[in-house]
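Descriptive structure summary
Given next are the chains, with one letter for each unit.
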Amino acid sequence: MVTSEETLEKIRKIVEKHYQKLLISVGGRDIFSEQELAQLEAAGVDTSKTESLLELIYHHNFKNAPSDAGKPTSIEDMKAQQNQVGGKAKGEAHEFAIKHINSQMRDLTEKLRADATARIASVITQNNENYRRNALQNLTRPEEMDRLVKESTLGDLKRALRDTSGDANRDWKRVAITETSNTIGMASVDRIVADNQKADLNDVYVYRIIVGDEATCKWCRRFYQDSDGSPKVYKLSTLLANGSNYGKPKDSWQPVSGATHPNTRTSQIVELKPGWKVLPGGGQTFIGMDKWNDYIVNKAIS
Amino acid sequence: MAKVKIYLEKGETIEDAEMQLRKALDLHDSGDIHERQDYVDPAMQHIMDRLEAMHEEMYKEMMSEVIQEIDKEYDSGY
């Protein structure tokens, strides 16, 4: 059987509707403008959800340093903490950060929607072509045989459509991991900057804890782990100046505050205060200001 | 220059070993090796699990609707 252009257009709208619902589930209704929300409601999409997982990630990583005891370990714990007075950072800077995170997620999800639509359309077109060519070769086929061929083609089409879920789920996972990592980096840097309000960021030192096992890629090892197994220490200004590796070729990747590369499950950026030394594993020990200057010079900070 | 010693299993050729070594190096080179990791922060891992589940559920529902449309067309005798 051949799927008509009319049905294909209905399918495009179904895909669009479901990806918009996904965005509302992930980012809350604020991810869309009022005008867009009105259009979605008219199309039958439930836009009542206000909770944003992205906002949850941001506030969790702004409020809780890796070494903090008793920090939330689940979504429910995070909500409980953030629903308390003072549980969420307030102010324009944070609102802007969340708007940026939402906007980034929306753009990337739009690309995924377009990819999913193209994949599904391609499966349908291929099926149409197969049936058409088969029909051309069997013009005098009896009606009953034709019906059986149509049913078989329909079965193949449904199977092929369901098989697109593997690629779609994998692509979504990549986006979700990368954007979660970007948000973790942004929120932890925001906390460090807020803690150093009068400081020159050239004088603020930071590092990232990596797991350092065989599942760590060469980039994370090279950028964040020193030869003695301790984390590499950077000036915060350096990481911020490096911006993002998004869209760059691998040989241009640099140490950054967000996701180093797609699929990275990064940890926060952690501050190293003067007088402290970072140990393998990311813990810190106090060495005093006398030893601090030698330590920082020997650490070859960039 | 670094050297690598390769021990071949019975029946394994040097070409097989070379291919496996290249695959391993590519995996580390691409960053996709991280797919095996969880987030160190359990709260972030919980979020990731939820995000993955949301998409899987959405895609299944979406596919059901897509297939319903196709069935409608087939049943109408197109």
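As a reminder, the structure under discussion sits directly above these lines.
Here the structure is a predicted model, which is why all the values come from computation and not from measurement. (Residues numbered from 1 in each chain as written. Chains lettered and ligands numbered in written order. Predicted model: local features only at pLDDT ≥ 70, side-chain atom pairs only at ≥ 80, totals over all residues. Heavy atoms only, no water.)

1. A look at the overall build of chain A
When helices and strands are counted, chain A shows nine helices and five strands. Expected size for 302 residues packed as a compact globule is a radius of gyration near 19 Å; at 26 Å, chain A overshoots this value by more than 25%. Each principal axis of the C-alpha atoms in chain A carries an extent, and together these give about 95 × 45 × 30 Å. The buried share of chain A, taken over its 302 residues, is 46%. (Helix = DSSP H or I, 4+ residues; strand = E, 2+ residues; numbered from the N terminus. Rg over C-alpha atoms; globule rule 2.2 N^0.38 Å. Buried < 20%, exposed > 50% of the residue type's maximum accessible area, 1.4 Å probe, protein only.)

2. As for the packing of aromatic side chains
Summed over all chains, the structure comprises seven aromatic pairs over all chains. Pairwise contacts between aromatic rings join Trp219(A), Phe223(A), Tyr224(A) and Trp253(A) into one cluster. (Phe/Tyr/Trp six-rings, centres within 6.5 Å; stacked < 30°, edge-to-face > 60°.)

3. A look at the environment of Glu16(A)
Residues and elements named next belong to chain A. Turning to its location among the elements, Glu16 is positioned in helix H1 (residues 5–27). Overall, the relative accessible area of 32% leaves Glu16 in the partly exposed class. C-alpha separation for the pair Glu16 and Asn182, spaced 166 residues apart in sequence, amounts to 26 Å.

4. Quick look at the pairing of strand E3 (residues 269–272) of chain A
Residues and elements named next belong to chain A. Neither face of E3 is left uncovered, since the one carrying Ile269 and Glu271 and the one carrying Val270 and Leu272 both have all their residues buried. Note: strand E1 (residues 205–208) against E3, four bridges, orientation antiparallel. Across the sheet, residue Val206 finds its bridge partner in E3, namely Glu271. (Pairing = 2+ DSSP bridges.)

5. Topic: the interface of chain A and chain B
The partner chain B presents 41 residues to the 68 residues of chain A that form the contact. For the pairing of chain A and chain B, the buried interface totals around 5,000 Å² over both sides, and the portion due to carbon and sulfur atoms is 64%. The tally of links between chain A and chain B comes to three salt bridges. With a shortest N-O distance of 3.4 Å, Glu76(A) and Arg50(B) are connected by a salt bridge. Viewed at the interface, chain B and chain A are joined by 15 residue pairs in polar contact (both at pLDDT 80 or more). Among the elements that make up the side of chain A that touches chain B, the one with the highest residue count is helix H6 (residues 143–195) of chain A (20 residues). The residue makeup of the side of chain A that touches chain B, split by class, is 32 nonpolar, 19 polar and 17 charged. (Contact = heavy atoms within 4.5 Å. Buried area = accessible area lost by both parts, 1.4 Å probe. Salt bridge = Lys/Arg side-chain N within 4 Å of Asp/Glu carboxyl O. Polar contact = N/O pair within 3.5 Å; in protein donor to acceptor, adjacent residues only side chain to side chain. Nonpolar A, V, L, I, M, F, W, Y, C, P; charged D, E, K, R; others polar.)

6. Looking at the pairing of E1(A)
All names here are of chain A. Side chains Tyr205 and Tyr207 of E1 all project onto a buried face; the interleaved residues Val206 and Arg208 project onto the opposite face, where all are buried too. Bridge count for E1 against strand E2 (residues 234–235) is two bridges, and the pairing is antiparallel. Bridging from a neighbouring strand, Tyr205 pairs with Lys235 of E2.

7. Considering the sheet that holds E3(A)
Residues and elements named next belong to chain A. The three strands are arranged E2-E1-E3 in an open sheet whose pairing can be described as antiparallel. Edge positions in the sheet fall to E2 and E3, since each of these pairs with one other strand and no more. Strand contacts of H6: E1 and E3, with the helix running at about 25° to E3, the strand carrying the most contacts. (Axes fitted to C-alpha atoms, helices over the stretch in contact; angles between N-to-C directions.)

8. Some remarks on the side chain of Thr180(A)
When you line up the elements, Thr180(A) lands in helix H6. Classification of Thr180(A) as buried rests on a relative accessible area of 1%. Those residues in contact with Thr180(A) that sit more than four places away from it in its chain are Ile57(A), Tyr39(B), Met44(B), Met48(B) and Leu51(B).

9. Section: the nonpolar core
One finds Tyr19(A), Ile120(A), Leu161(A), Ile47(B), Leu51(B), Tyr59(B) and Met62(B) to be the most contacted residues of the largest nonpolar core, which totals 58 residues. With 16 residues, the next largest nonpolar core counts Tyr234(A), Trp253(A), Val256(A) and Ile269(A) among its residues. (Core = buried A, V, L, I, M, F, W, Y, C linked by side-chain atoms within 4.5 Å.)

10. Describing the packing of H1(A) against helix H2 (residues 42–75) of chain B
Look at H1(A) against H2(B): their axes get within 10 Å of each other, and the N-to-C directions meet at 160°. One element, H1(A), and the other, H2(B), form an angle in the roughly antiparallel class. Crossing geometry of H1(A) relative to H2(B) is assigned as right-handed. Taking contact as the criterion, the partners of Thr7(A), Lys10(A), Ile11(A), Ile14(A), Val15(A), Lys17(A), His18(A), Tyr19(A), Lys21(A), Leu22(A), Ser25(A) and Val26(A) in H1(A) are, on H2(B), Leu51(B), Met54(B), His55(B), Met58(B), Tyr59(B), Glu61(B), Met62(B), Glu65(B), Val66(B), Glu69(B), Ile70(B) and Glu73(B). Across the contact of H1(A) with H2(B), the residue classes break down as 13 nonpolar, four polar and seven charged. (Parallel < 35°, antiparallel > 145°, perpendicular 65-115°, else oblique. Left-handed = near helix turned anticlockwise from the far one by under 90°.)

11. Some words on the pattern of salt bridges
Residue and element names in this part refer to chain A. Inspection of the entire model under this criterion finds 23 salt bridges over all chains. Across the salt bridge formed by Glu9 and Arg12, the nearest N and O atoms sit 2.9 Å from each other. Taken as a pair, Glu9 and Arg12 lie in helix H1 at a separation of three residues, close to a single helical turn. A salt bridge links Lys13 to Glu9, with the nearest nitrogen and oxygen atoms 3.4 Å apart. Taken together, the residues Lys13 and Glu9, both in helix H1 and four residues apart, mark about one turn of the helix. Here the salt bridges share partners, and the residues they tie into one network are Glu5, Glu9, Arg12 and Lys13.

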